Protein chains: 2
Amino acid sequence: MADDRLSRVFAALADPTRRDIVARLSITDATVGELAEPYDVSVQAVSKHLRVLTDAGLVSRSRDAQRRPCRLEPEVFDLMTKWIERYRVQAEERFRRLDAVLAEMDDEQRATDDRRGAAS
Amino acid sequence: MADDRLSRVFAALADPTRRDIVARLSITDATVGELAEPYDVSVQAVSKHLRVLTDAGLVSRSRDAQRRPCRLEPEVFDLMTKWIERYRVQAEERFRRLDAVLAEMDDEQRATDDRRGAAS
DNA sequence: CCCGTGTTCAACCAATCGGTTGACAACAGG
DNA sequence: CCTGTTGTCAACCGATTGGTTGAACACGGG
């Protein structure tokens, strides 16, 4: 997988378990054990998911004795939102312009027809 | 990979080439050959990328003789934006509330905190 | 009707992913 | 100093990914 920031963020959220982890962390911080509990996978698997999320900058870890609490870092969301909005807006803008162009072509077609009709 | 819609969309955009294709399609529709031209990969590889994008609902194909023009479908972006915004807002909301809670806890004892027994 | 253009299908390959198990590190408390 | 708890590291496994090449399919224009 590409190692640029945006790719890592999108890839991280492409997994339902990781999206669920993000959803739960948006409610409250949690340890790896707490996060793993509801899922039917090993703690190690969840630890791996957390690694992907932290590498993407979506989650930060701190230290409390043996525990490594996880906290959601919502700033990274902006990166995605900016990318998405940019191209969504651009595409919609283009569709709006397309209507105008089509309307214009209609007019010219009509004008040409008129001229032709007048000429002959 | 999980086959739910959101997973497919995020996974599709996790690849820089595919994001670039989306960016270019936001400017104008294009055929597979046109899209493949600037990249240093085979047309077949680009065709595969297009398949991923259409499966995710980000791109639609039409037919024009041998050509299969690609068009960006920006509606799917809403799905992502909704998901992202939901948890970003929720997390930020929580951080705002956290300040209040911390101030409140200054007055009280924090000794009997939220260890599992008392939770929920 | 064939030929060239544009695109996809099929098989294959190396790399990565999500999961496993087993060992080990870090720390709190008896 | 051991013991239990919490989490990560390492090695491995099967499935998937992004890429390749070669063949086939779908057309329109001589």
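Our structure's up above, just so we're on the same page.
Note that the structure is predicted; figures quoted are calculated from it, not measured. Residue positions within a chain follow its written sequence, with the count starting from 1. Chain labels run from A onward and ligand labels from 1 onward, assigned in the order the entries are written. Under the rules for a predicted model, residues below a pLDDT of 70 receive no local features and side-chain atom pairs below 80 are neither given nor counted, while totals for whole chains, interfaces and linings still include all residues. Calculated side-chain values reflect all of the structure's heavy atoms, with hydrogen atoms and water omitted.

Participant: What is the right way to read the protein's contact with DNA strand D from this model?
Facilitator: Surveying the vicinity of DNA strand D reveals 22 residues, the closest of which are S47(A), S42(B), Q44(B), K48(B) and H49(B). Throughout, near means a residue has at least one heavy atom within 4 Å of the molecule or strand. The sugar and phosphate moieties of DNA strand D supply 60% of its atoms located within 4 Å of the protein. In protein, a polar contact requires one atom able to donate a hydrogen and another able to accept it; more generally it is a pair of N or O atoms within 3.5 Å, and residues adjacent in sequence count only if both atoms are side-chain atoms. At 2.7 Å from a phosphate oxygen of DNA strand D is found a side-chain nitrogen or oxygen belonging to S42(B). Between Q66(B) and DNA strand D, the recorded distance is 3.2 Å, taken from a side-chain N or O atom to a base oxygen. Each helix corresponds to a stretch of at least 4 residues labelled H or I by DSSP, and each strand to a stretch of at least 2 residues labelled E; elements are numbered beginning at the N terminus. A per-element tally of the surface near DNA strand D places helix 4 (residues 43-55) of chain B first, with 4 residues.

Participant: Which parts of the structure should I look at to understand the relation of the copies chain B and chain A?
Facilitator: The operation linking the two copies of the chain is a rotation about an axis combined with a translation along the axis. The superposition of copies rests on a least-squares fit of C-alpha positions from residues with pLDDT of 70 or more in both. The two copies are related by a screw motion: chain B maps onto chain A through a turn of 180 degrees and a shift of 0.0 Å along the axis, at an RMSD of 0.1 Å. Such a combination of rotation and displacement between the chain copies is what one expects of a two-fold axis. Both copies present the same face, since 95% of the interface residues in chain B are matched by interface residues at the equivalent positions in chain A. Contacts between residues were defined by any pair of non-hydrogen atoms, one from each residue, lying within 4.5 Å.

Participant: Please clarify how the side chain of S26(B) should be interpreted in this entry.
Facilitator: If you trace the backbone, S26(B) turns up in the loop between helix 2 (16-25) and helix 3 (32-36). Within the structure, the side chain of S26(B) is placed 2.6 Å from the backbone oxygen of A23(B), a separation counted as a polar contact.

Participant: Honestly, the protein's contact with DNA strand C in this entry has me stumped. Any pointers?
Facilitator: Close to DNA strand C lie 23 residues; S42(A), K48(A), H49(A), G33(B) and S47(B) are nearest. Considering the 4 Å shell around the protein, atoms of DNA strand C inside it are sugar or phosphate in 59% of instances. In the model, a phosphate oxygen of DNA strand C is placed 2.7 Å from a nitrogen or oxygen of the S42(A) side chain. One of the side-chain N or O atoms of Q44(A) is found 2.7 Å from a base oxygen in DNA strand C. Where the surface near DNA strand C is concerned, the elements lending two or more residues are helix 4 (43-55) of chain A together with helix 3 and helix 4 of chain B.

Participant: Would you mind showing me how to read the nonpolar core here?
Facilitator: Counting 62 residues, the largest nonpolar core has F10(A), L58(A), M80(A), F10(B), L58(B) and M80(B) as the members making the most contacts within it. Setting aside residues no more than four positions away along its own chain, M80(B) makes contact with F10(A), I84(A), L6(B), V9(B), F10(B) and L13(B). We call a set of buried residues a nonpolar core when its members are Ala, Val, Leu, Ile, Met, Phe, Trp, Tyr or Cys and they connect through side-chain atoms within 4.5 Å of each other. Only protein chains enter the area calculation, which uses a 1.4 Å probe; residues under 20% of their type maximum are buried, those over 50% are exposed, and those in between are partly exposed.

Participant: Sorry, what's going on with the pattern of salt bridges here?
Facilitator: For side chains of opposite charge, pairing can occur when their charged atoms come near one another. What counts as a salt bridge is simple: a side-chain nitrogen of Lys or Arg found within 4 Å of a carboxyl oxygen of Asp or Glu. Counted by the stated rule, this structure contains 18 salt bridges over all chains. Across the salt bridge formed by D4(A) and R19(B), the nearest N and O atoms sit 3.0 Å from each other. Here D4(A), found in the segment before helix 1 (5-13), pairs with R19(B), found in helix 2, and the two come from separate chains. Look at D4(A) and you get partly exposed, because its relative accessible area is 28%. Classification of R19(B) by relative accessible area gives buried; the value is 7%.

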